[in-house]
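So you can see what is in the structure, the chains are spelled out below.
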Amino acid sequence: MPERMEIDKSFILLFDEVPGSETLSIGLWADVGSRDEDKDQMGYCHFVEHMLFKGTDRRSHYDIALEIDTAGGEINGVTDKEQTYFYVNVSSETHTTGLDILSDIFFSPNFNVEDFEKERSVILDEIEMIEDNPDDFVYELFSRTMWGDNPLGNPVVGTRKTVSNAKIDRVRKFYEQYFPSGKVILSIAGGINKESILNSVERYFDLHLKSRSRNIKKKNRERPSFHPSVSVVNRDIEQIYCILGTESVPSNDERRYALYLLNLILGASFSSRFFQKIREKMGLCYSISTSNTGFSDTGEFSISFTTSRKNLSSLLEALKEEMGDIIVNGVREEELERARMKFRGNYILAKESNEWRMARMAYQELIFGRLIPYEETLKKIEEVELEDVRSLAESILRKGFVVASIGPKGHGKIFAGEGFFIN
C-alpha cells in the first residue's frame, strides 16, 4: 500500500513497496513547469533540467553517467507544463547509488559556464529537430493555438530567441527560486522495505534539506481561455498532420473518470469508433487517435490523425458524424463495458511497472495532496453511467475545436476559418 511521509512541509516522501520486485524507481519532482515561466524565460525549466546532468560539486557529467551505468541503472529527466522531474531506475541492491546521484544533481548542480554554452547549442538543435519533424511540430503548433498567449501554450523547450538570449545567472536564479527551495517530492516504488529506504533517505538527503532555503515561491497560474481557431502551416510534403482539440476538464475534476472511458470509446483503442470507422472501414487515414491531458485548472481533449489531401474532407465529415451521434444518442452499454474492461486491463498492466507507480504517486501528491488507493480508482470507473459519458461528451464536444495542421500548400482551405464545430 503506498505511503505518504511528510519529512517537512515542503519535502514529501512517497513510498510504495512492491514485494517480489528486484528493481526500484526513484523520482525527484519539483512543482514547477513551463507554464510558470515569464515570456522572456521560455525554456528555462528545460534548460535547468539539462544543466542538472552536467555536473555537481562532487561529480562531473561523466562521473554521473559512469556511476549509473556501473550500477546497471538508467537516469533521465522530464520537463512538462506543470512539473519537472528527475528519475533513476536501478536494482534494489544499488538503490543507494541512485539516491546519492539524484540528491546530488538536484541540490548541488554547479552551473559551469562552458557546459551552459554547450547545452544552449544542444537545445537549439533540439528545437530545430522538433520543427523539422511534422509529427512533433504539429503538437507545438496545437498547444500554441489551443491556449494562445497564456504560458500553457508556450513550447516546453523554449524558442530560438529565448534560448539564445538566456543568461547563466538568470537560469541559475530561476533554479534557485523554484527547484530546491520549492515543494519537492521524493517518490520511490519497488522491491525494498520501508526501513532501508528511510535510512538511505536520511543519509543522502538530510544535509541538503537542512541547508536549503525555505523561501518557497510558486507562481499564480492564470487560467487560460479557450477560443476555437485554426493554425495552418504549409510545407512541401504529401501528408497532412492534424490535431483537433477542445477544452476538457481539469486533473482533479470528478468527471475525469467518465472522460477516461469516453476517450477509450472514441479513439484511444483499436476497437474505438474513430479507428474502426475512419481507418478500418473507410480507409481514410493510416493513424487516428484521441487523448486527454488534464492540468490543474483546465484540460485538453484532442484528436490526432495523418491523412492525404483528397481524404481530408471525408475524414472531417466522418468525425462530425460520430461525435454528433454520441452527443445525441450516447454510447451503448456494450461500448461502456468494453471501455471499462480496457481501462482495468491497462491499469493492471501499468501496475507491473515501478516507474509508473512512482510517477502516479508524485502526480497525485501534486494534484490532490493525497495518494488515491488503486481500488478507489477502479471503483470510480465502475460507477460511471451511460448518461455521465453522454453529458460529458456534449459539454466538451459542443464547444468547438481548434485546428492545428501541417501539410501541402492550400490544404488549410478545407478547414473553417473559426475552427471545427459539431452541428
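Here the structure is shown first, and the text comes after it.
The structure contained in this document is the topic of the report that follows. (Residues numbered from 1 in each chain as written. Predicted model: local features only at pLDDT ≥ 70, side-chain atom pairs only at ≥ 80, totals over all residues. Heavy atoms only, no water.)

Where helix 12 (residues 333–350) contacts helix 14 (residues 374–383), the axes come no closer than 10 Å and their chain directions differ by 170 degrees. Here helix 12 is positioned roughly antiparallel relative to helix 14, judged by the angle of their axes. Taking contact as the criterion, the partners of Arg-340, Phe-343, Arg-344 and Tyr-347 in helix 12 are, on helix 14, Tyr-374, Thr-377, Leu-378, Ile-381, Glu-382 and Glu-383. Taken together, the residues of the contact of helix 12 with helix 14 break down into five nonpolar, one polar and four charged. (Axes fitted to C-alpha atoms, helices over the stretch in contact; angles between N-to-C directions. Helix = DSSP H or I, 4+ residues; strand = E, 2+ residues; numbered from the N terminus. Parallel < 35°, antiparallel > 145°, perpendicular 65-115°, else oblique. Contact = heavy atoms within 4.5 Å. Nonpolar A, V, L, I, M, F, W, Y, C, P; charged D, E, K, R; others polar.)

One open sheet holds the six strands; their spatial order is 1-2-6-3-5-4, and the pairing between them is mixed. Looking at strand neighbours, the two that pair on one side only are strand 1 (3–8) and strand 4 (74–79), the edges of this open sheet. With strand direction ignored, the average angle separating the axes of adjacent strands in the sheet is 15 degrees. The pairing of strand 3 (residues 23–30) with strand 6 (residues 184–190) spans seven bridges and is antiparallel. What sits directly across from Ile-26, in strand 6, is Ile-188. Across the face of the sheet, helix 8 (residues 194–211) comes into contact with strand 1, strand 2 (11–17), strand 3 and strand 6 while running at roughly 160 degrees to strand 2. (Pairing = 2+ DSSP bridges.)

To continue, consider helix 7 (residues 168–178). When helix 7 is considered as a whole, its buried residues turn out to be Ile-168, Val-171, Phe-174, Tyr-175, Gln-177 and Tyr-178. In this structure, the buried residues of helix 7 make contact with strand 3, helix 1 (44–51), helix 3 (95–107) and helix 4 (113–132). (Buried < 20%, exposed > 50% of the residue type's maximum accessible area, 1.4 Å probe, protein only.)

Below, the discussion takes up the pairing of strand 5 (residues 84–91). Looking along a regular strand, one sees side chains alternate from face to face of the sheet. The element strand 5 is extensively covered by neighbouring structure, given that seven of its eight residues are classed as buried. In the sheet, strand 3 pairs with strand 5 via eight bridges, with the strands oriented antiparallel. For Ile-26, the partnering residue across the bridge sits in strand 5 and is Val-88. Bridge count between strand 4 and strand 5: six bridges; the pairing is antiparallel. Bridge pairing links Asn-76 to Tyr-87 in strand 5. Between strand 4 and the antiparallel strand that follows it, strand 5, lie four residues.

The next subject is the side chain of Asp-115. Its place among the elements puts Asp-115 in helix 4. Buried and unpaired, Asp-115 has no salt bridge, with Lys-118 as the nearest side chain of opposite charge at 4.4 Å. Those residues in contact with Asp-115, other than ones at most four positions away along the chain, are Met-51 and Lys-54. (Lys, Arg positive; Asp, Glu negative; His and termini not counted. Salt bridge = Lys/Arg side-chain N within 4 Å of Asp/Glu carboxyl O.)

Phi angles above zero are rare outside glycine, and Phe-111 is one such case at about 50 degrees. Looking at the element boundaries, Phe-111 is found in the loop between helix 3 and helix 4. Classification of Phe-111 as buried rests on a relative accessible area of 3%.

The next thing to look at is the pattern of salt bridges. Any two side chains of opposite charge can pair, so long as their charged atoms come close to each other. What the rule picks out here adds up to 37 salt bridges. Linking Asp-104 and Arg-58 is a salt bridge whose minimum nitrogen-to-oxygen distance equals 4.0 Å. Here Asp-104, found in helix 3, pairs with Arg-58, found in the loop between helix 1 and helix 2 (61–70); they are 46 residues apart in sequence, far enough to count as distant. Judged by relative accessible area, which is 52%, Arg-58 ranks as exposed. Here Glu-383 ties to Lys-379 by a salt bridge, and the two come within 2.5 Å at their closest N and O atoms. In this pair, Glu-383 and Lys-379 both sit in helix 14, four residues apart, roughly one turn of the helix. Connected through shared salt-bridge partners, Arg-273, Lys-277, Glu-321, Glu-322, Asp-325, Arg-332, Glu-334 and Glu-335 make up one network.

With respect to the element layout, Asp-100 can be found in helix 3. Separated by 89 residues in sequence, Asp-100 and Phe-11 have C-alpha atoms that sit 17 Å apart. Within the local environment of Asp-100, its side chain forms a polar contact with the side chain of Arg-58, the two groups lying 3.1 Å apart. (Polar contact = N/O pair within 3.5 Å; in protein donor to acceptor, adjacent residues only side chain to side chain.)

With that settled, consider the pairing of strand 6. Among the seven residues in strand 6, seven count as buried, and that is most of the element. As judged from the seven bridges shared by strand 2 and strand 6, these two strands associate in the parallel manner. Residue Ile-12 lies in a different strand from strand 6, and its bridge partner there is Ile-185.

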